[in-house]
Amino acid sequence: MAHHVNRTAQLGSWVIAINGWYKPLLHLWSLSIEEQFYLIWPFLLFISNKIKLPTIFVSIICIIPSFIFSLLISYSNPVADFFSPLTRFWEILFGATLLCLERNGYMRISSTTRSCISIAGGALILIALATFNNTSPYPGWRAMLPVLAGTLLIASGSNACINRWVLSFRPLVLIGVISYPLYLWHWPLLSYARILLDEPPPAAIRTGLLLASIVLAVVTYLLIEKPLRFGRHATGKMIGLCIGMAIMGIAGRYIQHHNGLPTRYVATHALPTDWDALLRIAPSVEKCTQSADIGAENWCYTDKREIPHAVLIGDSHADALYWSLANHSRPGDRWMLMGRPACAPMLGMERITAINALQNKSDPPKCAQFNQARLRYILQTESIHLVLIATAQRVLELDSYAPHAGEAAVANGAFIGLSNLITRLEEAGKTVVFLEDNPDGFRSNKCALLHSGIKWLDHIGENTIRERCEISYSDYLKKSSNYHHIVAELQAAHPKLIVYHTAPILCDIPANKCERLRNSELLYSHSDHLSTTGADYIAADLSKLLNY
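Residues numbered from 1 in each chain as written. Predicted model: local features only at pLDDT ≥ 70, side-chain atom pairs only at ≥ 80, totals over all residues. Heavy atoms only, no water.

With that settled, the discussion passes to the pairing of strand E2 (residues 299–303). Counting buried positions along E2 gives five out of five residues, so the element sits mostly inside the fold. The side-chain alternation of E2 yields two buried faces, one formed by Trp299, Tyr301 and Asp303 and the other by Cys300 and Thr302. Where strand E1 (residues 285–287) and E2 come together, three bridges link them in antiparallel fashion. Its bridge partner being in E2, Glu286 is matched across the sheet by Thr302. Summarising the sheet, E2 and strand E4 (residues 335–339) pair through three bridges and their orientation is antiparallel. Residue Tyr301 lies in a different strand from E4, and its bridge partner there is Leu337. (Buried < 20%, exposed > 50% of the residue type's maximum accessible area, 1.4 Å probe, protein only. Helix = DSSP H or I, 4+ residues; strand = E, 2+ residues; numbered from the N terminus. Pairing = 2+ DSSP bridges.)

This is how it looks when you write it as structure tokens:
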């Protein structure tokens, strides 16, 4: 029972720490900790026997540094504290220490004392249940409660009052019998439910999954665990298990080496994330060499087939579009990209806030310097005739901008900076196009269809995904009305400005819906960025409109 309290106390901590809800096999970490201990502990026992050191001293010597290490990193690196065997061995060593005490005769105590010990263990379990929640940092010192509770309950013996009256209750004993397969089954079921729904499953579904895991655990115990643990042919079973383990190890190494099975759906439909993958979309693209003052931390790509006559400038939304734009470009009208993460193109305005940690890392002063260097390059390059501006709506609306860092924010500062930039470019004889940002506001960005090979499960997943990955076009217009109003004012202030609207391409306006998924293909990748498919739709239409 204390073992399961320990697991319960840990659940919220590691789920929150590493988004564990979406990792169906993450719970196997505890088995790896145990197996590593079983590899190391016999070696330590062998050494202690050779040097005539009592085993109980070895246990205590190992417990102290492991526990102290867990305390030291519990706040600075909670994920490592949770998963590292170095911070967990002390918990298992409590059991080893108890065995040493038992074998050396230190546990010869009265029945009354045993009952008191069991009551103390039960009380610690209740305290853990009452005080721990899914936000409690764990393990750290909190792990001492369930570990000590389990140790006391085991030490008290089977005849102690709590053990005899509570833990010997037949249903609890039966749960103990199937506890191992139950532990293996329960988390994958809950995790896949979360993956399908992309939100915590309702209580009714969680209850049903718990009952299903109990049924599966009983079947697993009867058909697999019991035949393997008991009966004849022990040597043959051991050899078979060793062969199976070797095969699994080889298969795992192969899968790791190939970053997963190359034939699986997620691999064949993966969105590009590295340079080689991007080059497969647009093999003619290369990194810029002609502008050293742009900076290595910024993006600058060009088309090696011909000198580009158009440049796409912006943030990561521009980067998401560029590769398809380059691929759809026509002879004589090639594109280059000049961009920086979370850095909207503008003139005379600087971002003074950040709506998230990633944007804060993008360094607003460097963004302003990059904007100046980029504008200088465009104005000095006579071969560039067209400038396409693409930047995230949230970067323009949710951040604050001022003429200089340290000054008070200016209302609609981002659009003032954009207007200044457009004016300067048009004065230089450049054609300027503003790309209205793609629709957003979906409930979720986890919209890849499930391909499990089980039709009814895939069907459930598809229906759930379509519900959370679709919004009505009218709702989109309502939520982004201020943005569209300011874009309209921007166009009114610059009659020559071409505004390209992405919604007619990405949304089904007659059906009043915008989708992240069209014909089983993702239009968006992470967050509000276009996928290759979505960018292809925009690039093809934009190239026709601009004749580029």
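Proteins that are soluble and globular tend to have nonpolar side chains buried together. Counting residues in each nonpolar core, the largest one holds 39 residues, and the members touching the most others are Leu312, Tyr322, Trp335 and Leu388. The biggest single contributor to this core is helix H15 (residues 316–328), with six residues. Among residues more than four places away in sequence, those in contact with Leu388 are Val311, Leu312, Ile313, Leu321, Leu325, Trp335, Val433, Leu435 and Leu542. Judged by nonpolar contacts, the second largest core, of 36 residues, contains Ile384, Tyr401, Ala414 and Val432. (Core = buried A, V, L, I, M, F, W, Y, C linked by side-chain atoms within 4.5 Å. Contact = heavy atoms within 4.5 Å.)

Quick look at the sheet that holds strand E11 (residues 507–508) now. Strands sit in the order E9-E12-E11 across an open sheet of three strands; the sheet is antiparallel. Each edge of the sheet is formed by a strand with only one pairing partner; in this case those strands are strand E9 (470–471) and E11. Of the strand pairs in this sheet, E9 and strand E12 (residues 513–515) are connected by two bridges, and their pairing is antiparallel. Within E12, the residue paired with Ile471 across the bridge is Cys514.

In the structure shown here, the tally under the stated rule is three disulfides. Paired through a disulfide, Cys288 and Cys300 show a sulfur-sulfur distance of 2.1 Å. Its torsion about the S-S bond being -85°, the disulfide of Cys288 and Cys300 is classed as left-handed. Pair noted here: Cys288 is in the loop between E1 and E2 and Cys300 is in strand E2, with a separation of twelve residues, a long-range link. Residue Cys288 is classed as buried on the basis of its relative accessible area, which comes to 18%. Note that Cys343 is cross-linked by a disulfide to Cys367, the S-S spacing being 2.0 Å. Measuring handedness by torsion sign, the sulfur bridge of Cys343 and Cys367 sits at about 90° and is right-handed. (Disulfide = S-S within 2.5 Å.)

Quick look at the environment of Cys469 now. With respect to the helices and strands, Cys469 occurs in the loop between helix H20 (455–468) and E9. When the C-alpha positions of Cys469 and Arg443 are compared, they lie 6.3 Å apart, and in sequence the two are 26 residues distant. Residues in contact with Cys469, not counting those within four places in the same chain, are Phe442, Ser444, Lys446, Cys447, Cys514, Glu515 and Arg516.

Going from Tyr138 to Pro139, the amide bond is cis rather than trans, its omega being 10°. Tracing the chain through its elements places Pro139 in the loop between helix H6 (111–131) and helix H7 (144–156). Residues other than glycine seldom take positive phi values, yet Lys52 does so here, at roughly 60°. As for its position among the elements, Lys52 is in the loop between helix H2 (29–50) and helix H3 (55–73). The class for Lys52 is exposed, based on a relative accessible area of 72%.

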